[in-house]
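# Working through the structure, step by step
If you want the building blocks of each chain, they are given just below.
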Amino acid sequence: MTRRIIVTGGAIIRDHEGRILLQRRSDYGDWGLPGGGMEAGEQIEETMIREVREETGLEVNAYELAAIYTGERMKYTYPDGNEVVFVMFLFHVTADLTGRMAADHRTLLFEDEQRESLQLVFHSLEEIDLAVINQVQQPVFIDLMQGKTALLRN
């Protein structure tokens with residue numbers, strides 16, 4: 001088993017009703033926030049902006065650092081046995097949703113080239129079932145539900 005550190009940039013994108021955009025990923029089928037791993041030479045903000053564009057088709061208009069997650073809660077074992085520890089930078093993101101929403105006013109219309117996103121749907125915190133959230137992102141949603149605002153979280 002290999003243990004690596006993976007630095008990620010993720011986005012908390014809210015619609016005009018304050019609901020959060022969740023992405024159902026094709027690799028595991030679970031839900032989480034749009035985002036992904038940093039590439040060599042990138043700044044963390046560039047990582048988040050690139051991942052948001054790739055996975056949602058949205059252009060980031062503005063952003064603010066929301067939290068940095070490290071520590072025991074960020075350990076993850078992939079199905080192939082590889083162990084990683086994530087260092088997760090999350091940003092509050094503003095993006096223009098005009099003309100991008102389906103008739104249900106919840107679903108973001110986008111089909112990404114890499115087919116990473118199976119669904120992109122806005123949910124209120126009260127609607128989110130933690131059982132369907134990616135294991136490593138569950139602490140993020142617990143903190144959002146509890147209103148935690150500290151920058152560093154472990």
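Residues numbered from 1 in each chain as written. Predicted model: local features only at pLDDT ≥ 70, side-chain atom pairs only at ≥ 80, totals over all residues. Heavy atoms only, no water.

Before going further, it helps to spend a moment on the overall build of the protein chain. A count of helical and extended segments in the protein chain gives 2 helices and 9 strands. When the helices and strands of the protein chain are placed in sequence order, the string is β-β-β-β-α-β-β-β-β-α-β. Here the protein chain has a C-alpha radius of gyration of 15 Å; the compact-globule value for 154 residues is 15 Å, and the two agree. Dimensions of the protein chain, computed from the C-alpha atoms along their principal axes, are close to 45 × 35 × 30 Å. In the protein chain, the share of contacts with a sequence separation of at least 24, taken over all contacts with a separation of at least 6, comes to 66%. Accessible surface, the protein chain as shown: approximately 8300 Å² in total, 50% of it carbon and sulfur. In the protein chain, 15 side chains carry a positive charge and 26 a negative one; their mean positions are 4 Å apart. (Helix = DSSP H or I, 4+ residues; strand = E, 2+ residues; numbered from the N terminus. Rg over C-alpha atoms; globule rule 2.2 N^0.38 Å. Contact = heavy atoms within 4.5 Å. Areas by Shrake-Rupley, 256 points an atom, 1.4 Å probe, with all protein chains shown as cover. Lys, Arg positive; Asp, Glu negative; His and termini not counted. Charge placed at Lys NZ, Arg CZ, Asp CG, Glu CD.)

With 13 residues, helix α1 (residues 44-56) should cover 18 Å at 1.5 Å per step; its first-to-last C-alpha distance of 18 Å lies within 8% of that length. Regarding α1, the residues found buried are Ile44, Thr47, Met48, Arg50, Glu51, Val52, Glu55 and Thr56. Of the residues one or two after α1, glycine 57 is the one with positive phi, at around 80°. (Expected span 1.5 Å × (residues − 1). Buried < 20%, exposed > 50% of the residue type's maximum accessible area, 1.4 Å probe, protein only.)

On to the pattern of salt bridges, then. If the charged atoms of two oppositely charged side chains come close together, the side chains can form a pair. For the coordinates displayed, the defined rule picks out 17 salt bridges. Salt-bridge contacts for glutamate 55 lead to arginine 25; the nearest nitrogen and oxygen are separated by 3.3 Å. Linking glutamate 55 in helix α1 with arginine 25 in strand β2 (residues 20-25), this pair joins segments that are 30 residues apart in sequence. In this structure, glutamate 55 and arginine 25 share a single accessibility class: buried. Here arginine 53 ties to glutamate 59 by a salt bridge, and the two come within 3.1 Å at their closest N and O atoms. Looking at arginine 53, the relative accessible area reads 38%, which means it is partly exposed. Salt bridges sharing partners connect three or more residues here, namely Glu39, Glu42, Arg50, Glu51 and Glu54. (Salt bridge = Lys/Arg side-chain N within 4 Å of Asp/Glu carboxyl O.)

This model, assessed by the stated rule, comprises 2 aromatic pairs. Where tyrosine 63 meets phenylalanine 91, the ring centres are 5.7 Å apart and the plane angle is 90°; that geometry is what we call edge-to-face. You can see tyrosine 63 sitting in strand β5 (residues 60-69) and its partner phenylalanine 91 sitting in strand β7 (residues 83-95), a full 28 residues away along the chain. Look at tyrosine 63 and you get partly exposed, because its relative accessible area is 39%. The exposure class of phenylalanine 91 is buried, given its relative accessible area of 3%. (Phe/Tyr/Trp six-rings, centres within 6.5 Å; stacked < 30°, edge-to-face > 60°.)

On the surface, a cluster of nonpolar side chains totalling about 270 Å² of accessible area is made up of Leu65, Leu151 and Leu152. By secondary structure assignment, the location of leucine 65 is in strand β5. Taking the relative accessible area as the measure of exposure, leucine 65 reaches 34% and is therefore partly exposed. (Patch = residues over 30% accessible without salt bridge, like charges linked within 9 Å, V, L, I, M, F, W, Y side chains within 5 Å.)

Burial of β7 is extensive: 10 of the 13 residues sit out of reach of the surface. Both strand β1 (residues 3-13) and β7 contribute to a ladder of 11 bridges, which runs parallel. Bridged to threonine 8 within β7 is methionine 88. With 8 bridges joining them, β5 and β7 adopt antiparallel strand pairing. Bridge pairing in β7 places glutamate 64 opposite histidine 92. As paired strands, strand β6 (residues 75-77) and β7 are joined by 3 bridges and run antiparallel to one another. (Pairing = 2+ DSSP bridges.)

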